[in-house]
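If you want the building blocks of each chain, they are given just below.
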Amino acid sequence: MGENATVYVTVNVTNGKVTLNIDGRPQTKDVVDGKVNFTVSGLLARDYHLTATYLENDNYLSNSTTADITVFRKQSEITMNVSTIYVGEYEIINVTVSK
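Residues numbered from 1 in each chain as written. Predicted model: local features only at pLDDT ≥ 70, side-chain atom pairs only at ≥ 80, totals over all residues. Heavy atoms only, no water.

A. Region of the structure containing the overall build of the protein chain. Regarding its fold elements, the protein chain presents zero helices and eight strands. In the protein chain, the order of α-helices and β-strands from amino to carboxyl end is β-β-β-β-β-β-β-β. Taking 13 Å as the expected radius of gyration for a compact globule of 99 residues, we find that the protein chain reaches 24 Å, considerably beyond that expectation. Within the span of the protein chain, comprising 99 residues, buried residues form 21% of the whole. Counting only contacts in the protein chain whose residues sit at least 6 apart along the sequence, the fraction spanning at least 24 positions is 41%. A total of about 7900 Å² of accessible surface is found on the protein chain, and carbon and sulfur atoms cover 50% of it. Each charge sign in the protein chain was given a centre, from 8 positive and 11 negative side chains, and these centres are 4 Å apart. (Helix = DSSP H or I, 4+ residues; strand = E, 2+ residues; numbered from the N terminus. Rg over C-alpha atoms; globule rule 2.2 N^0.38 Å. Buried < 20%, exposed > 50% of the residue type's maximum accessible area, 1.4 Å probe, protein only. Contact = heavy atoms within 4.5 Å. Areas by Shrake-Rupley, 256 points an atom, 1.4 Å probe, with all protein chains shown as cover. Lys, Arg positive; Asp, Glu negative; His and termini not counted. Charge placed at Lys NZ, Arg CZ, Asp CG, Glu CD.)

So, in structure tokens, the structure goes:
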């Protein structure tokens with residue numbers, strides 16, 4: 001349950017490792033040509049705190065940046081189909097709520 005999102009991280013170096021931590025759920029990936037993409041699954045409608053950290057190596061010190069994001073609930077849509085109803089008649093009214 002929950003939504004998936006892709007987080008794109010760009011760094012000014014061609015290689016190394018980056019850790020993305022979302023509310024205590026860290027993922028670490030290799031930098032390829034200055035870029036790293038993370039797929040984050042199970043995001044529910046609420047606020048999240050993100051930290052992206054470039055990990056220290058032989059050439060560079062570690063550095064981090066943070067951001068807060070909000071995943072919003074989807075807008076629902078409700079429709080109803082009703083035809084003319086006369087006294088004493090039986091009618092089915094269909095109500096549909098979309099995802």
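Structure shown, so let's carry the discussion forward.
B. View of the environment of Asn 81. When you line up the elements, Asn 81 lands in strand β7 (residues 78-81). Since its relative accessible area comes to 53%, Asn 81 is described here as exposed. Taking C-alpha positions, Asn 81 is 8.8 Å from Thr 96, a pair spaced 15 residues apart along the chain. Setting aside chain neighbours within four positions, we find Asn 81 in contact with Ile 92, Ile 93 and Asn 94.

C. The layout of surface pockets, seen in detail. If you add up the space inside the largest pocket, you get close to 250 Å³. Taken together, 17 residues form the lining of the largest pocket, with Val 9, Thr 10, Val 11, Ala 52 and Thr 65 sitting closest to its centre. Elements with a minimum of two residues in the lining of the largest pocket: β1 (3-10), β2 (17-22), β5 (47-54) and β6 (63-70). Its residues placed into classes, the lining of the largest pocket shows nine nonpolar, eight polar and no charged. A volume near 180 Å³ is recorded for the second largest pocket. Lining the second largest pocket are ten residues; nearest its centre among them are Gly 2, Glu 3, Leu 43, Leu 44 and Ala 45. Here the lining of the second largest pocket is composed, by residue class, of six nonpolar, one polar and three charged. (1 Å grid on protein atoms, 1.4 Å probe; cavity = no way out; pocket = protein on both sides within 12 Å on 5 of 7 lines; lining within 4 Å. Points joined across faces, edges and corners; volume = space filled by probe spheres on them. Nonpolar A, V, L, I, M, F, W, Y, C, P; charged D, E, K, R; others polar.)

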